[in-house]
Number of protein chains: 4
Amino acid sequence: MNERAIFLFSCPDQRGIVADVSRFIFEAGGNILDSSQHNDIETDTFFLRVEWDTTNLVFPRQEIASRFADIERRFDMDLQLHLEPRRTKIAIFVSQHLHCLYDLVLSMREGEIEADVSAVISNHEAAREVTDAFQLPFYHVPVNAGNKVAAEQAQQEILEKTGTEMVVLARYMQILSDSFATRWYGKAINIHHSFLPAFVGAKPYHQAFERGVKIVGATSHYVTPELDQGPIIEQDITRISHRDQVADLVRKGRNLERLVLQQAVKLHVEHRVLIFGNKTVVF
Amino acid sequence: MNERAIFLFSCPDQRGIVADVSRFIFEAGGNILDSSQHNDIETDTFFLRVEWDTTNLVFPRQEIASRFADIERRFDMDLQLHLEPRRTKIAIFVSQHLHCLYDLVLSMREGEIEADVSAVISNHEAAREVTDAFQLPFYHVPVNAGNKVAAEQAQQEILEKTGTEMVVLARYMQILSDSFATRWYGKAINIHHSFLPAFVGAKPYHQAFERGVKIVGATSHYVTPELDQGPIIEQDITRISHRDQVADLVRKGRNLERLVLQQAVKLHVEHRVLIFGNKTVVF
Amino acid sequence: MNERAIFLFSCPDQRGIVADVSRFIFEAGGNILDSSQHNDIETDTFFLRVEWDTTNLVFPRQEIASRFADIERRFDMDLQLHLEPRRTKIAIFVSQHLHCLYDLVLSMREGEIEADVSAVISNHEAAREVTDAFQLPFYHVPVNAGNKVAAEQAQQEILEKTGTEMVVLARYMQILSDSFATRWYGKAINIHHSFLPAFVGAKPYHQAFERGVKIVGATSHYVTPELDQGPIIEQDITRISHRDQVADLVRKGRNLERLVLQQAVKLHVEHRVLIFGNKTVVF
Amino acid sequence: MNERAIFLFSCPDQRGIVADVSRFIFEAGGNILDSSQHNDIETDTFFLRVEWDTTNLVFPRQEIASRFADIERRFDMDLQLHLEPRRTKIAIFVSQHLHCLYDLVLSMREGEIEADVSAVISNHEAAREVTDAFQLPFYHVPVNAGNKVAAEQAQQEILEKTGTEMVVLARYMQILSDSFATRWYGKAINIHHSFLPAFVGAKPYHQAFERGVKIVGATSHYVTPELDQGPIIEQDITRISHRDQVADLVRKGRNLERLVLQQAVKLHVEHRVLIFGNKTVVF
C-alpha cells in the first residue's frame, strides 16, 4: 500500500477548517483518499479524519507535523498525525478463555489487522498453547490477592521493554488498577461480554439468564478506572431463547466477543476512533 | 383455516407427559399440526404447546376440556386451552406517538395479527386521526396529577364494557397502578424504547445518547407493578453512530418499536407465550 | 431547520477538488454541516456530497449555481445543487398490496421522509381506502393487455399536471415501458421482493420457497428498462425456516419491503444517492 | 453429558405417529429431552427429531433399533438412530484460504462442535501451518488437469483408512466428481461465498462487486453433482457499501464464511438436519 498520512483531530468548530486542511494537503502535493467529519452540536466541536496519499509529497514526510503546526495552532486542534503504513505493537492480556486471543492472532496473520503481537501476558498457563503454536512471546504473570501491585509492576515492565503501543484485554479476568487504566488511557481496549450498560461487572451471562432477555451482546470499550464504564467503540448482539442455559449463552457469546473485539482493535489500529468525553467518534 | 385446539401448559416434569397428551389427541380423532416443548432444568418444569386439528373430532369441541381434565390433574398442569380460530379483543392505550398504534391497526387489517381493536384509549386527542380513518372506537380519558384513580376507574369500565381481553400499551406515557397491573397480569403488554434492562424508566433515548452506545433497542414485555421489569417477550436492536443525535435515535427507534410490539402482540394472540417466573417461554 | 445547500457530484478525480469546494463555501459565508466523499479506484472518479448552512450567505441563494459554475467547469463535474429545505413531490404507483403505500404515507406524515404525495396511481381500486383516509389524490388508471400505451400516456399526464418529481413503485405489479423507464431514469424507485440478483421477475417468494433458502430479502433499486436490473439503493433480509410456507414468506416479507423502500426513498429525497454505471454511491 | 438417543426421521404423515413414538420412549424407560416436528403440507410428509435420555433404559441400548423396528415399519419411516455422546470423524478439504479450517479446528477444541478431525486434505501445502500447530494428520494431494481421477482416488482412500464419516469442503477450490458427490451425498458440506442462488460458480465476490449489491452472503449446503445447487443448511449476510472493493468483500466475507460453515457443521454433527428433496429441515 502507498505511503499515506492520517490527520485525526478534534477542535472547536468554526468556518474554514476543511478549507485550510484541504489546501494544505493540496499544496503539499498530497491527494485525499478518504475524509470523514463530524460536528458535535451540543459542544460545538469539530472532528476530522483525513487520510491522504503522500507518494508525491513536495517536502520530506517528517516535515508534515512542523509544516502543519500553524493550522493546528490556529484552530486549537487536539491532533494526531499518523504516517502509514506501520504495524502497531499490541500486548494481549488473557486468562483462561482463549477464543479472543486466537482470533486476534489469526486476524493479524491474515492481514485483517495491521499489527503485531509484542507480548501475550497471562495469569494462567493456558495461553501457552497459542503462543507455542504461533511462536509468540508469552509472559506468565501470576496474580493473587497478595501480589497485585507487584504483578502490575511486572506487566508494566514487559510492556515497556517490548515497546508495546496498545493493550488489549482479551477476556482478562483480573481488574487492573486505576493508575494502569490512567497510564494506558486511550490505548487499552477491553471486551465485556454483555450489551453495556446492561450487566456490568462479574458473570454477565448469568445476569442475562436471570433477567430472561431475548438477546445477549458484547461490548468493546476503552479501559478507564471505572469498571465497564469506558467509551464504547463497538457492540453487537445475538438472539437467544428460553432454550438457552447459561452454558449456551457462554457458547453463543464466544463468536460475538471475537468479532466485536476484532473490529474494535481494527478500528483503533487504523486510527478511526476519537475519544470525546465518555463517548467515541468512529470514522 | 381449519378448526384447531391449542393446549398450552407447564407442569412438573415427569416421564410420559407427551405420550399421554399425544394419545389423547390421537384417540380424540385429532391430528397434531405443531408441537413444541421445553424442559427447565433448574426447576424441573415441563412446558408444552401443541396445536391440533379438530376437524374430525369424535366428540363435541366443547367437551375437550372436561375429557382432558384427568390428564390435566394427573400431571398437575397449569393449563390453557384455546379453541381456534377466534379473534382476540384488544384495547390499545396510546398517548401522542401514533406509530405503534398505526402499525397494530394495519397489522390486524392485513390479517397479520388475528385480533380486533375493542377500544383505543388515550389521555390525548392525537389518536383520533387514526380512529377516525379506520372507524375504531376512541375513548379520551384525560389523566392528570389529581384524577389518576378516577381515570383508571374509567379505563377499567371501558375495558369491561367492550369485552376487552388484552391490553396493549402502545407508547402510553402514563404509569398505571399496581392494582391495574395485577388485574391484567399476563394480558397486558408494553413496549419500552430501550434494550432492557439497560435504560429503565423515562427518556431511554436520552440515556442511550448520554452513554454513547453504538446500538439502541426496544423491548416488549408483560406489564407488572415494577416499572419495565416484567417478563420480556421480544427485543430487537438497530445500529447507531456518533452522528445520531437524540432526535435521530427517536426516529430510528420508531421502526424498531413498531416491529417489536407487533411481534409480541402476534405471539401472545397466537398463544405462543408462557410466563415462567419473571421470564417467558416463547414457542 | 436552517437553510442549507447540497452539492452532489461526480467528476474525474484530481488533486484539489475538496480544497476548491471548501474554499468556495468558506468565502460564501457558508459552514459545512456534513461532507462525504468517495474515490472509485477503477475509473478514477471522485464523488462528493457536501451539505452546508447558507444562513449567513454573503450573496443571494439563487446565485450559488452561477458563482459555482467556474469550479463546476474546471473539474468537469456532473453536478446537482439542491437548496433545502423543500419537500419533494412523489407519485406512488400501487396495485393491490397496500403495506408499502401505507408506510410511505405515514413516514411523510411523521416527518421521517421530507416529501408530499402528489398522486397515488393504481390499476386497482384497493388503494382508495388509503387515499380516502389521508385525503390524498387518487387516480385509477386500469391497465389491461389492450390499453398499455394509453394507460401509460394517462399516467404520464397525471405526473405532469401534478408536478411530480419522483415516482415510487410501491408493489405496482405492471411492467412499465422502456420509454417510461428512460424518461424517469434516476427519479423512479422500485421495490422488488427478493434479494437481487436472486429471484428476478415474477413470484420471487415462490422461487425462494422452491430453492429452499434460509433467508429472504427485499431490494430497492432505480427503475431501468431491464426488469429488476437497475442500480441497487438498499437491501435487507430476514431469516426463514423450513416451517415457512409461501404465505409465510409473503407475510414476513411485508415488514421487510416496507423498511427497505422507506429507507431508499428517504435516501433519494435527502439527495444521498449518486448513480454510477449500474451501481450507486450512497452517502 | 448423559447417554442419549436421537430418532431423526421422515415418513408419510398420518395420525398417531407422535403418540406411538412417545409411548415407545416412555415404556423403554426413557425421558424426552427435546422434540421438534414438522409437517410438509404439499407432500403430506412428517418429520421428527426427538432426543431422549437413555440413562434408565429398561433394556440394553443396542436393542433400541430392533425394538423400534415395528413402529419404523408401520409408519414407513426413513429413520436415523444416533446413540450419543460420540464424536464424528470429519475430514476437512482445504486449498489456500485457511480461515475456515482454523475456525473448525478451534471449534472442536473448545467443545463447540463435538467432532474430531480425521484428516486435513489439501491440494496445497499452506494448511500445514495449521496441522503442525494442532498436531493433526495432513495429507497433501496435488490436483492438476491431468490427475483428477487419480487424485480423487487417493482422497477416497484417505477417507476410508481414517474412518471418516463426514467431509467438509472448507474453501476447497477444486471441483469434485459426480461420483464423489453421490458417494458422500448427505455427508459432505460445502461453504460457498455468496448468498445462493445469487452468484453461483467462480469468483462470487467479483460478481457481487460488479452487480453493486449492498449485502454479501455466505451459504453452506450439502454437496451434490450440480455445482452450488445442493440443499442449503445455513446462510448469513453482512452489509457492504460503495466503499468496498473486491478485496474488502473478501475480507468481510471471511468472518461470514467461518460462522456459516461452523454453524452448518455443528447442526449436522448434532443430527439436526434432514434432507428433503433439494431442501433441508433444520431442527
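Source: prediction; values computed, not measured. (Residues numbered from 1 in each chain as written. Chains lettered and ligands numbered in written order. Predicted model: local features only at pLDDT ≥ 70, side-chain atom pairs only at ≥ 80, totals over all residues. Heavy atoms only, no water.)

### Overview of the interface of chain A and chain B
No. 1: Listed as interface residues are 35 residues of chain A and, on the opposing side, 35 residues of chain B.
No. 2: Interface area for chain A against chain B, summed over the two sides, is near 3200 Å², with a carbon-plus-sulfur share of 53%.
No. 3: Area buried by chain A at its contact with chain B is led by Arg211(A), Lys214(A) and His242(A), which between them contribute 22% of it.
No. 4: We note a salt bridge from Arg239(B) to Asp236(A), for which the minimum N-O separation is 3.4 Å.
No. 5: Linking chain A with chain B are 21 residue pairs in polar contact (both at pLDDT 80 or more), by the criterion used here.
No. 6: The set of elements that each furnish at least two residues to the side of chain A that touches chain B consists of strand 2 (31-40), helix 7 (204-211), strand 11 (232-239) and strand 13 (279-282) of chain A.
No. 7: Considering each element in turn, the side of chain A that touches chain B owes the most residues, seven residues, to strand 11 of chain A.
No. 8: Split into classes, the residues belonging to the side of chain A that touches chain B amount to 15 nonpolar, 10 polar and 10 charged. (Contact = heavy atoms within 4.5 Å. Buried area = accessible area lost by both parts, 1.4 Å probe. Salt bridge = Lys/Arg side-chain N within 4 Å of Asp/Glu carboxyl O. Polar contact = N/O pair within 3.5 Å; in protein donor to acceptor, adjacent residues only side chain to side chain. Helix = DSSP H or I, 4+ residues; strand = E, 2+ residues; numbered from the N terminus. Nonpolar A, V, L, I, M, F, W, Y, C, P; charged D, E, K, R; others polar.)

### So, the packing of aromatic side chains
All names here are of chain A.
No. 1: Tallying each qualifying case throughout the model produces 54 aromatic pairs over all chains.
No. 2: Centre to centre, the rings of Phe24 and Phe59 are 6.5 Å apart; their planes meet at 55 degrees, and the pair counts as tilted. Of this pair, Phe24 sits in helix 1 (residues 17-27) while Phe59 sits in the loop between strand 3 (45-53) and helix 2 (64-74); the two residues are 35 residues apart in sequence, bridging distant segments of the chain. Across the pair, Phe59 and Phe24 agree in class, each one buried. (Phe/Tyr/Trp six-rings, centres within 6.5 Å; stacked < 30°, edge-to-face > 60°. Buried < 20%, exposed > 50% of the residue type's maximum accessible area, 1.4 Å probe, protein only.)

### Quick word on the relation of the copies chain A and chain B
No. 1: Between chain A and chain B, which share one sequence, the superposing operator has a rotation angle of 180 degrees and an axial displacement of 0.0 Å; the RMSD is 0.0 Å. One copy is carried onto the other by what is essentially a two-fold rotation axis. Residue Ala198(A) of chain A places its C-alpha closer to the rotation axis than any other residue of that unit, at 2.4 Å.
No. 2: Most of the interface of chain A is mirrored in chain B, where 100% of its interface residues again form contacts. (Least-squares fit on C-alpha atoms with pLDDT ≥ 70 in both.)

### As for the sheet that holds strand 10 (residues 215-222) of chain B
Residues and elements named next belong to chain B.
No. 1: Read from one edge to the other, the open sheet built from seven strands follows the order 7-6-5-8-9-10-11, with strand pairing classed as mixed. The open sheet has two edge strands with one neighbour each: strand 7 (138-140) and strand 11 (232-239). Here the strands of the sheet are splayed against their neighbours by 20 degrees on average, with no regard to which way each runs.
No. 2: Sheet analysis places strand 5 (residues 88-94) next to strand 8 (residues 166-169), joined by four bridges and oriented parallel. Within strand 8, the residue paired with Phe93 across the bridge is Leu169.
No. 3: Lying on the sheet, helix 5 (residues 148-161) is in contact with strand 5, strand 6 (115-122), strand 7 and strand 8; it crosses strand 6 at an angle near 160 degrees. (Pairing = 2+ DSSP bridges. Axes fitted to C-alpha atoms, helices over the stretch in contact; angles between N-to-C directions.)

### Here we look at the relation of the copies chain D and chain C
No. 1: The operation relating chain D to chain C is a screw motion whose rotation component is 180 degrees, with 0.0 Å of axial translation and a residual RMSD of 0.0 Å.
No. 2: The residues that chain D uses at the interface reappear at the interface of chain C in 100% of cases, marking a shared surface.

### So, the interface of chain D and chain C
No. 1: Between chain D and chain C, the contact holds 35 residues from the first and 35 residues from the second.
No. 2: Summed over both sides, the interface between chain D and chain C buries roughly 3200 Å², with carbon and sulfur atoms accounting for 53% of that surface.
No. 3: It is Arg211(D), Lys214(D) and His242(D) that lose the most area in chain D upon contact with chain C, and together they represent 22% of the buried surface on that side.
No. 4: Taken together, the connections running from chain D to chain C amount to four salt bridges.
No. 5: Counting the contacts that link chain D with chain C gives 21 residue pairs in polar contact (both at pLDDT 80 or more).
No. 6: Within the residue set of the side of chain D that touches chain C, elements represented by two or more residues are strand 2 (31-40), helix 7 (204-211), strand 11 (232-239) and strand 13 (279-282) of chain D.
No. 7: When residues in the side of chain D that touches chain C are grouped by element, the largest group, seven residues, is from strand 11 of chain D.
No. 8: Of the residues assigned to the side of chain D that touches chain C, the class counts are 15 nonpolar, 10 polar and 10 charged.

### Notes on the domain arrangement of chain A
By a widespread convention, an interface's size corresponds to the accessible area lost as its parts come together.
Residue and element names in this part refer to chain A.
No. 1: Taken domain by domain, chain A comprises domain 1 (4-84) and domain 2 (88-282).
No. 2: A separation of 31 Å is found between the C-alpha centroids of domain 1 and domain 2.
No. 3: Contacts between the two partners involve 15 residues from domain 1 and, on the opposite side, seven residues from domain 2.
No. 4: When the two sides are added together, the surface that domain 1 and domain 2 hide from each other amounts to roughly 850 Å², 67% of it contributed by carbon and sulfur.
No. 5: On the domain 1 side of the contact with domain 2, Leu8, Phe47 and Arg49 bury the most area, a combined 50% of that side's loss.
No. 6: Counting across the interface, domain 1 meets domain 2 through one salt bridge. (Domains from an automatic or database assignment.)

### Let's talk about unusual backbone geometry
No. 1: The residue after Glu84(A), namely Pro85(A), is reached through a cis peptide bond having omega -5 degrees.
No. 2: Here Pro85(A) lies in the loop between strand 4 (78-84) and strand 5 (88-94).
No. 3: For the bond from Leu196(A) to Pro197(A), the omega torsion is 10 degrees, close enough to zero to count as cis.
No. 4: For Pro197(A), the position within the fold is in the loop between strand 9 (188-192) and helix 7.
No. 5: With phi around 65 degrees, Arg171(C) is a residue other than glycine that occupies positive phi space.
No. 6: Although it is not a glycine, His271(D) sits at a positive phi angle of roughly 55 degrees.

### A closer look at the packing of helix 3 (residues 99-109) of chain B against helix 8 (residues 246-269) of chain B
Residue and element names in this part refer to chain B.
No. 1: Between helix 3 and helix 8, whose axes approach to 9 Å, the crossing angle comes to 45 degrees. Accordingly, the angle class assigned to the pair helix 3 and helix 8 is oblique. Two packed elements cross with a definite hand, and for helix 3 against helix 8 that hand is right-handed. Contacts between helix 3 and helix 8 involve His99, Cys100, Asp103, Leu104 and Ser107 on the former and, on the latter, Arg254, Glu257, Arg258, Leu261, Gln262 and Val265.
No. 2: The residue makeup of the contact of helix 3 with helix 8, split by class, is four nonpolar, three polar and four charged. (Parallel < 35°, antiparallel > 145°, perpendicular 65-115°, else oblique. Left-handed = near helix turned anticlockwise from the far one by under 90°.)

### Section: the pairing of strand 5 of chain B
No. 1: Within strand 5 of chain B, six of the seven residues are buried, leaving the element largely enclosed by the surrounding structure.
No. 2: Since strand 5 of chain B and strand 6 of chain B lie parallel, the crossover through helix 3 of chain B that links them has a hand, and here it is right-handed. (Right-handed = clockwise from strand over helix to strand, strands pointing away.)

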